Structure formats: structure tokens, C-alpha cells
Amino acid sequence: MLNNFPAAAPDPLWDLINSFRADGRREKIDLVVGVYRDASGNTPVMRAVQEAEVRLASAALSKSYRALSGNHAFNAGMANLLLGANAPALGRQCTIQTVGGTGALRLLADFIARISPGTTAWNTDPSYVNHKPLMAAAGLPVRPFRWIENDHGLDLEAAFADLDAAAAGDVVILHGCCHNPTGIDPTFEQWKEIARFCARKRITPLIDMAYQGFGEGLEEDAQGLRHMVDQLDTVFVAASCSKNMGLYCERTGAAMVIAPDGSFLGNIRSTLENITRANYSMPPDHGAAIAVSLFEQPAPWREELEAARRRVADTRRSLADALATLGAPERLQVLRRQKGMFSLLPLDGQQMERLRLEFGVYGTAAGRINIAGLLPGQIDTLARALKAVG
Ligand SMILES: Cc1ncc(COP(=O)(O)O)c(C=O)c1O
């Protein structure tokens, strides 16, 4: 069986990470990896998380199996975080803990494939690299729609023109905030238009919320999602605690299904549990237990998250200012209005290669840079490099 099969395609991101590590230049800049970094270049464990871990260790609870849906207090806390405490929609949602945001996306894709085989998933173009493989692995056909900017911000007309080909019952993948890789987010008015469009076309949003708290703030970043939930019968949400709690390797996330009313919730839960049972059975508990602790005493965690959000926003602003001072082309300066950790530079593969070879600046070949990877002392260097190649 193992004698004759081809190697799977290597992950281009890991190739870049390895080249960065092998690069001997002291002034090299790593903007590839999609994690938050502080001003010293570290991806720290949040203090609030460390304190929660101490509390959990000393309480020494059992490591016995947990429920198939994971930690119930975590699920309730995530529902509140996403929908808002006391939101009416809390009465018509089913949330279950998953193995990171990735696990939530895959579980929802499997759920959609189970209840409505052949559903097309519409994916932003450009998109998060793993959306298409995740949907395709569940057997869902994937089609692209443009997610680009006009002179003011998101070009919703372009998106709607492509989505016009969607059939009733299709699913559209949207990023709740901080679109990866472009940083292009809808305004609240645009979220309203998207909700009206989905209602008219009878297409169901699957909202990937991987960066809540990194755009405008924890509550602000959920406004679009909350509006969609208020306006539409059915919404799928995949949430990740990797970035906003810094729980990357603990693999902590949640899948939420919002139904037309509460009478469907039992069937939804049993179907979601049935899918995870045939996969990993139940999710790991540690990250969820930490999250519950953060939900119980939210202030310190929220403050740390807000400080991280500010650092990214300030870095973005400083980079845009530096580009403006240098007189760099306007098309480079639009990163000022984008949100979250990422921006997609308007540079082609060759220009990205020049950045890497001549200036030691590592972004992805498609032009994505992680603003959170930029240290304070590197902003001017990056601006000069961008101006030189762009
Ligand atoms: C848009 C988006 N969705 C989902 C994920 C996956 O999150 P997790 O690491 O929690 O699986 C990421 C991670 O980078 C992401 O950028």
C-alpha cells in the first residue's frame, strides 16, 4: 500500500518560514506567520491565561472524559461573546466546542454536507488559504467571489456581481472581522447590505470569526455578525480562541449554528456530536477551561487583548505614515484603512521576491504581510523597501 503514491504538495508558508530561519541577515523581517507578536517579537502567553492555568492546576480537577460537545460553560461563554449577553438569538443557537477555529470550519462543512449534500460554498477571492481545502475535504464544491477594494473600501458591487450566480441554499463564507489576507472589512452599512442580499438570494452565511478583538474591539468586531444573525433565519459561525486569547496550540474554538427557532436545536446538537464522534470524539479540555476562567473574570484578559489590538493598529498607522512621508504610491498607502493583523500588498510574486532577496523582508508570495510581526525599529526599513519595489 505504501509503495507507490506521490508526496502531498508542500505548504508554501512553511517553506518561507524555513527560508527565513536560514537567512543570516540581522536586519531580516518576518511578516509571514499569522500570529500576534509583541513589540519584542514574542508571542507571549497572556498574563490572564497564565493565572488561569495556575488556578486550574491547583484545583486539580479530574482528567476524565468530557462531553461530546466539550465544556458547557465554554460553549455558553462563546455564545455570549459572539452574540452579546442577553441577545434574543441566544435562544435559537447551538454552540459546541471544537479543535480550534479550523475544527469549527471543518465540523460546519461536514454538517452542511450531511444535511444538504452538494451545497456550494462561496469563498472570498483572495481567501484564507485553508478555507477551500476545508470545504472541499467535506465534499462541498467551492466557488470564488471577489473581495477587493475600490477607492473607498470594500467593493461590494464586485462581490455581489459574482455572488449573483449563487443558488438558493448555497453558503457564503464571510470573515467576521479582520479579513485574512486582505484586511478589507465591510462597514456596518455594508453588513446591512450583505444581510439583505443573503435574505433575497436565500443564501446562508458561514461567518469565520478568527480575530474578534483585533479589529475595533471585542464588541465592535461582532456587530456585523450580530446584525446578520438578527436579520437571517440561519447562520453558521466558526470561532477561534487562538488569537484573542493567545491559545494557539491549545486548539480551542467553537462551532455555532443559529436556527430559525429553538425547536431545531436538539437535532442540530445530536448531528454535530455524531460527526465529531466519528472523528476525534470530544475536543481537548485545557484551552476551554482557561477560556471559562477568562469569561468569569474578563477585565484583565480584555485589557491585555486591547493592548495587543492597539499595538497592531498603531503599527499599521506608523507604517502608513512612513509610506506617506516617503511619497510612496497611494496604492501602497491604502493599508492604513484596513483592519487586523493582515494586509495584502499590491505586489506580484516577483516584487515579493525582491523584497525578500534585496531587503530580507518576508511576506507570502501572494503579497500578504502580518503587520503584527513588525517591530517598532523595523517600520522605516519596511517602508523604504516597499517604496523601492512598489
Ligand atoms: C480566517 C481564519 N480562519 C480560521 C483560522 C484557524 O484558526 P485556528 O488556529 O484556531 O484553527 C485562521 C488562522 O489563522 C484564520 O486566519
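Right above here is the structure, for reference.
About the thresholds
Residues numbered from 1 in each chain as written. Predicted model: local features only at pLDDT ≥ 70, side-chain atom pairs only at ≥ 80, totals over all residues. Heavy atoms only, no water. Buried < 20%, exposed > 50% of the residue type's maximum accessible area, 1.4 Å probe, protein only. Helix = DSSP H or I, 4+ residues; strand = E, 2+ residues; numbered from the N terminus. Arc of directions from axis to C-beta. Contact = heavy atoms within 4.5 Å. Pairing = 2+ DSSP bridges. Axes fitted to C-alpha atoms, helices over the stretch in contact; angles between N-to-C directions. Salt bridge = Lys/Arg side-chain N within 4 Å of Asp/Glu carboxyl O. Near = heavy atom within 4 Å. Polar contact = N/O pair within 3.5 Å; in protein donor to acceptor, adjacent residues only side chain to side chain. Areas by Shrake-Rupley, 256 points an atom, 1.4 Å probe, with all protein chains shown as cover. Nonpolar A, V, L, I, M, F, W, Y, C, P; charged D, E, K, R; others polar. Lys, Arg positive; Asp, Glu negative; His and termini not counted. Phe/Tyr/Trp six-rings, centres within 6.5 Å; stacked < 30°, edge-to-face > 60°.

Caption draft 1: Highlighting helix H14 (residues 379-389). Within the span of H14, buried status applies to Ile-379, Leu-382, Ala-383, Ala-385, Leu-386 and Val-389. The buried residues of H14 occupy one face: seen down the axis, they fall within an arc of 165°. If you follow the buried residues of H14, they end up packed against strand S1 (29-30), helix H11 (298-326), helix H12 (330-333), helix H13 (349-359) and strand S10 (361-362).

Caption draft 2: Highlighting the sheet that holds strand S3 (residues 121-125). What the 7 strands build is an open sheet, ordered S2-S8-S7-S6-S5-S3-S4; its pairing is mixed. Only two strands of the sheet have a single neighbouring strand rather than two, namely strand S2 (93-99) and strand S4 (142-146). If you compare each strand with its neighbour and ignore which way they point, the axes differ by 25° on average. Two strands pair when backbone bridges link them, and S2 and strand S8 (residues 252-258) are joined in this way by 7 bridges, in the antiparallel orientation.

Caption draft 3: Geometry of the pattern of salt bridges. Across all of its chains, the model carries 16 salt bridges by this definition. A salt bridge links Arg-302 to Glu-219; the shortest N-O distance between them is 3.4 Å. Here Glu-219 lies in the loop between strand S6 (204-209) and helix H8 (223-231) and Arg-302 lies in helix H11, a separation of 83 residues in the sequence. Residue class for Glu-219 comes out partly exposed when judged on its relative accessible area of 31%. One network of salt bridges, with partners in common, ties together Glu-219, Arg-226 and Arg-302.

Caption draft 4: Geometry of the site of the ligand. Near the ligand, the surroundings consist of 13 residues, among which Thr-102, Asp-208, Tyr-211, Ser-240 and Ser-242 are the closest. The side chain of Thr-102 places a nitrogen or oxygen atom 2.5 Å from an oxygen atom of the ligand. One of the side-chain N or O atoms of Arg-251 is found 2.7 Å from an oxygen atom in the ligand. Taken by itself the ligand offers 400 Å² of open surface, and the protein chains cover 90% of this. For the shell around the ligand, a count of residues per class yields 4 nonpolar, 6 polar and 3 charged.

Caption draft 5: Fine view of the side chain of Asp-155. Position of Asp-155 relative to the elements: it lies in the loop between S4 and helix H6 (156-163). Buried charge without a partner: Asp-155 forms no salt bridge, and the closest opposite charge is Arg-146, 6.1 Å away. Here the side chain of Asp-155 touches Ala-158 through a polar contact of 3.1 Å, landing on its backbone nitrogen. Contacts of Asp-155, omitting those with residues within four sequence positions, involve Ile-148, Glu-149 and Asn-150.

Caption draft 6: Structural detail: the packing of aromatic side chains. Under the counting rule described, the total for this entry stands at 7 aromatic pairs. Ring centres 5.8 Å apart and planes at 45° place the aromatic pair Tyr-36 and Phe-214 in the tilted group. Taken as a pair, Tyr-36 in the loop between S1 and helix H2 (47-59) and Phe-214 in the loop between S6 and H8 lie far apart in primary sequence, 178 residues in all. The burial state of Tyr-36 is the same as that of Phe-214; both residues are buried. Seen in terms of ring centroids, Phe-160 and Phe-197 are 4.2 Å apart; in terms of plane orientation they differ by 0°. Their pairing is stacked. With a gap of 37 residues between them, Phe-160 in helix H6 and Phe-197 in helix H7 (residues 188-201) connect regions that are remote in the sequence. Of the two residues examined, Phe-160 and Phe-197, each falls in the buried class.

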